[in-house]
Amino acid sequence: EAKIPFWFHNSLWQALAGDLQELKNKIQNQRNILTWLRRVIGMGNYYLAIDLGASSGRHILGTLKEDRIVLEEIFRFPNEMRLINDHLCWDTGYLFSKILAGLKKCKEQGKIPVSLGIDSWGVDFVLLDGQEQKLGETIAYRDRRTSGMDQEVSKVVSEEELYYATGIQKQIFNTIYQLKALQIQEKELLERAEYFLMIPDYFNFLLTGVKLNEYTNATTTGLVDAEARTWHRGLIERLGLKPSLFGELSLPKTSVGYLRPALAERVGFNCEVVLPPTHDTASAVLATPILEEGSVYISSGTWSLIGVERRAPDCSEASRRANFTNEGGYDYRFRYLKNIMGLWIIQRVKKELDDRYSFAELCALAAGEEPFPAVIDVNDQRFLSPANMIAAIREVCQETRQPIPATAGEIVSCVYHSLAQSYRNAVKELEALLGLELKTIHIVGGGAQADYLNALTAKYTGKRVLTGPVEATALGNILAQMLKAGDFTTLEEARRAVFNSFPIKVW
């Protein structure tokens with residue numbers, strides 16, 4: 001380079017870049033032709049969604065057959081937090097072993113995906129040192145280490161200023177509070193860190209060797225500038241965090257790379273790793289068949305995320321006081337929503353009843369007690385991670401001088417009615433903030449199967465309720481891969497295909 005004149009060197013690189021772009025275009029055109037031919041003869045590509053949930057993980061293949069999306073579950077495995085050194089943690093080694101086990105299942109069944117994407121819950125993260133080795137345990141968001149950390153952060157930046165900058169609702173488990181806990185409790189570990197990766201980012205790194213920070217999940221940290229849609233470097237520096245920890249944000253449809261050669265040999269094939277919206281709710285919202293204005297979505301599962309899709313954030317004081325959040329979505333859409341504790345409460349109650357009843361049986365018991373007169377605030381922090389959920393419900397009822405549920409039917413009736421009424425209140429808040437009437441509620445995710453709760457939601461809100469698809473998160477993950485591959489040209493086209501491919505129930 002030192003011996004070549006700059007003008008010649010620059011021209012040479014421009015020529016090489018032009019040749020490479022032409023080659024890339026030819027390859028893409030061939031891929032598009034192949035995809036079109038496969039669709040015509042009913043042999044669409046396989047796309048793999050690896051959907052990691054707080055209670056289970058699943059590998060789901062998606063393909064197009066006669067312009068309809070077909071899903072097939074290949075592998076499912078349990079997941080749970082584990083107590084390690086007095087902290088609730090995720091076992092990332094176990095989860096990665098299950099990711100690889102699911103890939104082997106694809107090979108065994110002769111259904112090789114052209115690409116895969118990983119999504120998970122938000123806010124939790126992994127730190128790597130300079131040798132790309134994991135630092136410490138992956139502590140889960142329900143751990144109590146963040147107690148009081150909101151007050152510590154407020155010493156640096158007020159809650160009002162923080163919301164105005166990031167648009168993210170205050171939740172004590174937000175990443176910003178987890179990082180503050182590390183600063184205070186494990187400062188040396190944080191100082192050794194060189195890379196910050198959200199959970200799906202970390203598994204993408206293990207698969208490919210490439211470290212990318214995906215946009216939608218990054219927004220759940222409380223460290224992303226809502227307007228600029230990138231890391232808020234000024235805020236990060238004020239908090240005393242190393243800006244170099246946080247890499248540039250990448251959007252859904254970005255190619256991460258291909259499997260490491262040793263892993264490809266181990267699972268029996270190679271494929272491209274593509275970024276879906278890696279936050280599970282962002283993927284679920286992508287797959288919600290919103291086909292008209294004035295629609296609300298509820299991504300119903302362990303959490304109930306209720307909101308609307310917007311093109312611009314609302315970081316106003318009124319929005320902050322209502323505790324709505326502006327999380328990133330596909331194509332820079334915003335998920336303007338409220339977190340509601342959701343079916344986590346029912347899941348814990350079921351477990352504490354020794355799993356004697358299925359979810360359907362619990363609904364039947366609740367219907368037999370309809371309606372139990374006590375109503376609880378499902379977002380009471382006592383329900384976040386109690387030692388005993390049933391005891392916590394009874395404690396709240398006693399404190400608020402309401403009847404105390406005794407039987408299993410009374411307990412679940414109390415919870416389901418309380419959830420439906422919290423949905424009604426959230427819809428009313430949305431209508432007030434948006435200044436318009438919302439007509440339809442789309443319920444997607446596992447909660448779309450909770451007929452009793454969905455009927456109550458229609459009753460309390462007075463809105464038309466549409467339920468389905470159930471596997472919305474995995475489906476949104478797959479749609480992002482299909483959009484990248486050219487199976488669909490627009491999000492609207494993809495959502496129309498969802499509506500035509502899966503049963504939608506109307507309440």
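A short tour of the structure in this document, coming up.

What counts, and where the lines are drawn
Residues numbered from 1 in each chain as written. Predicted model: local features only at pLDDT ≥ 70, side-chain atom pairs only at ≥ 80, totals over all residues. Heavy atoms only, no water. Helix = DSSP H or I, 4+ residues; strand = E, 2+ residues; numbered from the N terminus. Core = buried A, V, L, I, M, F, W, Y, C linked by side-chain atoms within 4.5 Å. Buried < 20%, exposed > 50% of the residue type's maximum accessible area, 1.4 Å probe, protein only. Pairing = 2+ DSSP bridges. Contact = heavy atoms within 4.5 Å. Axes fitted to C-alpha atoms, helices over the stretch in contact; angles between N-to-C directions. Nonpolar A, V, L, I, M, F, W, Y, C, P; charged D, E, K, R; others polar.

1. Let's talk about unusual backbone geometry
Of note, the amide linkage connecting glycine 468 to proline 469 takes the cis form, showing an omega dihedral of 5°. With respect to the helices and strands, proline 469 occurs in the loop between β22 (464–467) and α18 (472–485). Even without being glycine, tyrosine 332 reaches a positive phi, approximately 60°. Within the secondary structure, tyrosine 332 is located in the loop between β19 (325–328) and β20 (334–340).

2. So, the nonpolar core
With 99 residues, the main nonpolar core has Leu116, Phe203, Leu207, Ile393 and Tyr416 as its most contacted residues. Formed by 30 residues, the second largest nonpolar core is a distinct cluster that contains Val153, Phe196, Leu223 and Ile236.

3. Describing the sheet that holds strand β23 (residues 505–506)
Taken together, the 7 strands give an open sheet; going across it, the order is β19-β20-β18-β17-β21-β22-β23, and neighbouring strands pair in mixed fashion. Of all the strands in the sheet, just β19 and β23 have a single pairing partner and so form its edges. Against the sheet, helix α16 (residues 408–434) touches β17 (295–300), β18 (304–310), β20 and β21 (440–444), its axis set at about 20° to β18.

4. Structural notes on the packing of helix α13 (residues 344–352) against helix α15 (residues 389–399)
Across the interface, α13 lies against α15 with an axial gap of 8 Å and an inter-helix angle of 120°. Residues Trp344, Ile345, Arg348, Val349 and Glu352 of α13 form the contact with α15, whose participating residues are Met389, Ile390 and Ile393. Here the contact of α13 with α15 is built from residues that sort into 6 nonpolar, no polar and 2 charged.

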